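# Residue-level structure breakdown
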Amino acid sequence: MRIIFMGTPDFAVPVLGTLLKSERHDVAAVVTQPDRARGRSGKPVFTPVKEAAVSQGIPVYTPERVKAPEFVETLRQIPCDVIVVVAFGQILSKEILELPKYGCINIHASLLPRWRGAAPIQRAVLEGDEKTGVTVMQMDEGLDTGDMLLKEEVEIRPDETGESLFERLSGVGGPLLLKALECAENGTLKPVKQDDSSATYAKMLTKDMGKLDFAEDAKKLERYVRGLNTWPGAYTHYRGKTLKIWKASVVERNTDCPCGAVAQIDRDGFCIQTGDGLLKLLEVQLEGKKRMNCADFMRGNNVEGLSF
């Protein structure tokens, strides 16, 4: 098939790589978000997908609005059989959805209809899901509401972080997409409608989500430490500075200490009383400092009697 690929972040790069290695498919063009200024220099930076495409000599388009009439006309001039969309970051118009012979096929990092929306990987960890996966979907005008074509389940490990699950799922989409494209060519696809009544929505993550409220229970807080790794990251404040929490565990007991108080100090970390259970901090990063285990942190910082 002749393919137009639309994608932006790191998650989409392995899928693009799978298509480029396939002898049965030709990536005619890549569409990604415009270059954005990043870092202290403020210089525009390529998206990960653009960087990958440029390195392979593939034509790249970076429209501010993919639905703009002039860009839709540009797409019309690129013959293709299907548009593959992976975390592109813009909504496609009905006009674009209907352009290719096989329409637009999306790779979504959840088992739809659970976790439609912008942050399905992190939400699965935050909510304590036991499994997630990847869904290949025929796109329609809704937000991740199209018919499901193929799925692959992935078990969520007890120590899973948002980052580790991101890495695992990013490798699932490419092979699953190749199966879907083969079935589309053979006419053997069996689209399945989503049960809208079972849908949940994964809203976009915000920085303030990372601030831990120790009135919540320890199990939930520990999931937030894992699920928000690496961005925005779970954090609290220590003597007026941000203390990022990289690793924590749950101690299933309570003390007479108020929520947020340091209730126990061990050699490898310290425990904070929560609404239910203790959250033991094991790896932290104080604002302006390097990431370190709590044993090292406590050698230079006294946490006894503190409340967070």
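Residues numbered from 1 in each chain as written. Predicted model: local features only at pLDDT ≥ 70, side-chain atom pairs only at ≥ 80, totals over all residues. Heavy atoms only, no water.

## Remarks on the nonpolar core
- Residues Phe-5, Leu-16, Val-30, Val-86, Leu-169, Leu-177 and Leu-181 are the most contacted members of the largest nonpolar core, which totals 38 residues.
- Looking at this core, the element that brings in the most residues is helix H7 (residues 173-186), giving 5 residues.
- Beyond its immediate sequence surroundings of up to four residues, Leu-16 is in contact with Phe-5, Val-27, Val-30, Val-49, Ala-52 and Ala-53.
- The next biggest cluster of nonpolar side chains, apart from the first, holds 28 residues, and it includes Leu-205, Leu-221, Tyr-238 and Leu-243. (Core = buried A, V, L, I, M, F, W, Y, C linked by side-chain atoms within 4.5 Å. Buried < 20%, exposed > 50% of the residue type's maximum accessible area, 1.4 Å probe, protein only. Helix = DSSP H or I, 4+ residues; strand = E, 2+ residues; numbered from the N terminus. Contact = heavy atoms within 4.5 Å.)

## Some words on the packing of aromatic side chains
- What the rule picks out here adds up to 5 aromatic pairs.
- Centroid distance Phe-11 to Phe-166: 5.5 Å. Interplanar angle 70 degrees. Geometry classified as edge-to-face. You can see Phe-11 sitting in the loop between strand E1 (2-7) and helix H1 (13-21) and its partner Phe-166 sitting in helix H6 (residues 162-170), a full 155 residues away along the chain.
- On the basis of an interplanar angle of 70 degrees and a centroid distance of 5.4 Å, the ring pair of Tyr-238 and Phe-297 is categorised as edge-to-face. In this pair, Tyr-238 sits in strand E12 (residues 234-238) while Phe-297 sits in helix H9 (residues 294-300), placing the two residues 59 residues apart along the sequence.
- One aromatic cluster is present, built from ring pairs that chain together Tyr-238, Phe-270, Phe-297 and Phe-308.
- When the ring centre of Phe-46 is taken as origin, the NZ or CZ atom of Lys-50, which lies over that ring, is 4.1 Å away. (Phe/Tyr/Trp six-rings, centres within 6.5 Å; stacked < 30°, edge-to-face > 60°. Lys NZ or Arg CZ within 6 Å of the ring centre and 35° of its normal.)

## Some thoughts on the pairing of strand E14 (residues 262-265)
- One ladder, built from 3 bridges, connects E14 with strand E15 (residues 270-273); its direction is antiparallel. In the strand pairing of E15, Gln-264 is matched with Cys-271. (Pairing = 2+ DSSP bridges.)

## A word on the packing of H1 against H7
- With their axes 8 Å apart at the nearest point, H1 and H7 run at an angle of 50 degrees to one another. It follows that H1 is oblique to H7 by the angle criterion. Crossing hand, H1 versus H7: right-handed. Residue-level inspection shows Val-15, Thr-18 and Leu-19 of H1 in contact with H7, the latter providing Gly-173, Gly-174, Pro-175, Leu-177, Leu-178 and Leu-181.
- Broken down by class, the residue content of the contact of H1 with H7 amounts to 6 nonpolar, 3 polar and no charged. (Axes fitted to C-alpha atoms, helices over the stretch in contact; angles between N-to-C directions. Parallel < 35°, antiparallel > 145°, perpendicular 65-115°, else oblique. Left-handed = near helix turned anticlockwise from the far one by under 90°. Nonpolar A, V, L, I, M, F, W, Y, C, P; charged D, E, K, R; others polar.)

## Side note on a nonpolar patch on the surface
- On the surface, Ile-91, Leu-143 and Tyr-201 cluster together to form a nonpolar patch covering roughly 300 Å² of accessible area.
- Its location among the elements puts Leu-143 in the loop between strand E9 (131-138) and strand E10 (148-155). (Patch = residues over 30% accessible without salt bridge, like charges linked within 9 Å, V, L, I, M, F, W, Y side chains within 5 Å. Areas by Shrake-Rupley, 256 points an atom, 1.4 Å probe, with all protein chains shown as cover. Salt bridge = Lys/Arg side-chain N within 4 Å of Asp/Glu carboxyl O.)

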